[in-house]
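# Chains, contacts and geometry: an overview
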Amino acid sequence: MFTKISKLTLALGLTFGLAACSGGEESSGQADSASVGDTVDYKITGIDPGAGIMKATSAAIEEYGLSEWELVEGSGAAMTAALKKAYDDEEPIIITGWTPHWMFSKFDLKYLEDSKGAYGEAEDIHSIARNGLAEDLPGVHKVLDQFHWTPDDMGVVMSAIQDGTSPEEAAAAWVEDNADKVAEWTKNAQPGNGEEVKLGYVSWDSEIASTNVISKVLKDLGYKVTISQVEAGPMWAGVADGSIDAHVAGWLPLTHADQYEKYEGKFEDLGANLEGAKTGLVVPKYMDIDSIEDLKE
Ligand code: PBE
């Protein structure tokens, strides 16, 4: 539908020349008759309901006065599948997106400008440990504390997984190729002797990558690591009640602000393991909108 409209607009533009373009800026994309909302059924393709980005998006819908819009729940995997399908057909789609994510290297995408700051400024991803981990497993605590990498590093692992490598293998390959970085994380860390370590994570592509990497590093150091896939709420609750030793998926200051406040004092924030993350509404570059405000039209 979108493609047809584009072609029609283009044809009209060619036939009638500038006279047809009353607005002056009209080029291709949404014709006057179809608003962005019409082209996507007023739907924003979301992910799992527990994700911070879902809450931020509900708030954005309020703040920008997008009352006719619906945020559709799903999962990270369902969202990227919908994105791929739309992209292949050059159809419009609006998703809840984030960086680092492999989707930005697979597809030409853009964030919609967020003039009201509904998605905050840049986010960092923090490592979060249960209270008492430093005393019980000082070596693990030290590695988590020293774990620090870049969006590009994470991108390498994420892309490998997306291309079909298993998360364990992709993590192992990255660890092997980045011995210098790993050596910094494990510097002065007490090796393990089969002690059990339980890490929690949510199946967001970024966190599948980071959790598998840190798990591999701890295993290589001699610990017996189990990684458990959980929802966002239970991940934070698990660290707070001690049933999970740590997670490396704390998006702050905004995305997980609720969980952070809820359990403050019941976990140890080991600081950022990655800087320069971001969340927001994301669309393919071929769509003729630039800002969240444009969804009102
Ligand atoms: N995310 C990816 C998560 C954090 C990691 C942005 C989808 C969220 O809670 O929204």
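Relevant structure appears above.
Now for a quick tour of the structure. (Residues numbered from 1 in each chain as written. Predicted model: local features only at pLDDT ≥ 70, side-chain atom pairs only at ≥ 80, totals over all residues. Heavy atoms only, no water.)

### What to know about the overall build of the chain
Helix and strand counts for the chain come out as 13 helices and 9 strands. Across the chain, contacts joining residues at least 24 apart in sequence account for 81% of those joining residues at least 6 apart. Accessible area for the chain stands at about 13,800 Å²; split by element, carbon and sulfur atoms hold 49% of it. (Helix = DSSP H or I, 4+ residues; strand = E, 2+ residues; numbered from the N terminus. Contact = heavy atoms within 4.5 Å. Areas by Shrake-Rupley, 256 points an atom, 1.4 Å probe, with all protein chains shown as cover.)

### So, the environment of Pro 138
Position of Pro 138 among the secondary structure elements: in helix H7 (residues 138-146). Linking Pro 138 and Pro 191, residues 53 residues apart in sequence, is a C-alpha distance of 9.3 Å. Discounting residues that sit within four places of it in the chain, Pro 138 has contacts with Leu 133 and Gln 190.

### Quick word on the site of the ligand
In the neighbourhood of the ligand, the contacting residues comprise Ile 47, Ala 51, Gly 52, Ile 53, Trp 98, Trp 204, Ser 206, Glu 207, Trp 251, Thr 255, His 256 and Thr 279. At 2.8 Å, a backbone N or O of Ile 53 approaches an oxygen atom of the ligand. At 2.8 Å, a side-chain N or O of His 256 approaches an oxygen atom of the ligand. Coverage of the ligand by the protein amounts to 100% of the 280 Å² it exposes when considered alone. For the shell around the ligand, the secondary structure elements donating two or more residues are helix H3 (52-63) and helix H11 (205-220). Considering only residue class, the shell around the ligand consists of 6 nonpolar, 5 polar and 1 charged. (Near = heavy atom within 4 Å. Polar contact = N/O pair within 3.5 Å; in protein donor to acceptor, adjacent residues only side chain to side chain. Nonpolar A, V, L, I, M, F, W, Y, C, P; charged D, E, K, R; others polar.)

### Some words on helix H9 (residues 167-177)
For H9, the full list of buried residues reads Ala 170, Ala 171, Trp 174 and Val 175. Projection of H9 onto a plane perpendicular to its axis shows the buried side chains occupying an angular sector of 135°, all on one side. For H9, the exposed residues set more than 90 degrees away from the buried face come down to Glu 169, Glu 176 and Asp 177. Where H9 is buried, its residues meet helix H8 (151-162), helix H10 (179-186) and H11. (Buried < 20%, exposed > 50% of the residue type's maximum accessible area, 1.4 Å probe, protein only. Arc of directions from axis to C-beta.)

### Here's the deal with the packing of aromatic side chains
A ring pair, where both rings are aromatic, is described by two values, the distance of the centres and the angle of the planes. Inspection of the entire model under this criterion finds 13 aromatic pairs. Centroid distance Trp 149 to Trp 174: 5.3 Å. Interplanar angle 85°. Geometry classified as edge-to-face. Separated by 25 residues along the polypeptide, Trp 149 in the loop between H7 and H8 and Trp 174 in helix H9 bring together distant segments of the chain. The buried category is assigned to Trp 149, whose relative accessible area is 2%. Judged by relative accessible area, Trp 174 falls into the buried class, the value being 3%. Relative to Phe 267, the ring of Trp 236 lies with its centre 5.4 Å away and its plane at 75°, an arrangement referred to as edge-to-face. With a gap of 31 residues between them, Trp 236 in helix H12 (residues 232-241) and Phe 267 in strand E9 (residues 267-284) connect regions that are remote in the sequence. A residue is classified by how much of its surface remains accessible, and Phe 267, at 8% relative accessible area, is buried. The rings of Tyr 87, Trp 102, Phe 107 and Tyr 286 are connected pair by pair, giving a single aromatic cluster. (Phe/Tyr/Trp six-rings, centres within 6.5 Å; stacked < 30°, edge-to-face > 60°.)

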